[in-house]
Amino acid sequence: MKVPRVESKLRVFSFKIQFMSQVTEFKKSLKAVNSACEEVRKSVKLKEIMKKILFLGNTLNQGTDRGSAIGFKLDSLLKLTDTRASNNKMTLMHYLCKVLTDRSPGLLDFHLDLVSLEAATKVMIYAWLEKENYSTANC
């Protein structure tokens, strides 16, 4: 007996079987990302650290066009480990940690405000969406 379009029918059937578990998993992942975003948005300590980083950057760039910035891109944070002192032993990150330890030790436990962040970093929404888009495009 020959079944017309058997391959596409099996794909649709497989999709129907897996759909609810995928939706449940996606909702769980989305909830983790939303929780992490909310924690980052509401973290007073993280906001204070970012202000100190901005101040530090403005101090270093004083006298240039960049010396009066009102913000920075998150990828600029990578420069904290790239920028070194003239003796090449201390980075800007080391200096920032030293300043925070000396002047604002209460900010050092900011990670306690971000309990959902680790779980959210493991979520790959784009990969999931691309996979699902690919799967439905082939039906």
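Let me sum up the structure you'll find in this document. (Residues numbered from 1 in each chain as written. Predicted model: local features only at pLDDT ≥ 70, side-chain atom pairs only at ≥ 80, totals over all residues. Heavy atoms only, no water.)

Moving on, we come to unusual backbone geometry. In the Ramachandran plot, Arg-5 falls in the positive-phi region, its phi being about 55 degrees despite a non-glycine side chain. Mapped onto the fold, Arg-5 is located in the segment before α1 (6-42). Unlike most non-glycine residues, Asn-88 shows phi in positive territory, near 65 degrees. Its place among the elements puts Asn-88 in the loop between α3 (79-82) and α4 (92-103). When its relative accessible area of 52% is taken as the criterion, Asn-88 is described as exposed. (Helix = DSSP H or I, 4+ residues; strand = E, 2+ residues; numbered from the N terminus. Buried < 20%, exposed > 50% of the residue type's maximum accessible area, 1.4 Å probe, protein only.)

With that settled, the discussion passes to helix α2 (residues 44-60). Its 17 residues place the ends of α2 24 Å apart at the C-alpha level, agreeing with the 24 Å of an ideal helix rising 1.5 Å per residue. Among the residues of α2, Leu-46, Ile-49, Ile-53, Leu-54, Leu-56 and Asn-58 are the ones counted as buried. Those residues of α2 that are buried are in contact with α1, α3 and α4. (Expected span 1.5 Å × (residues − 1). Contact = heavy atoms within 4.5 Å.)

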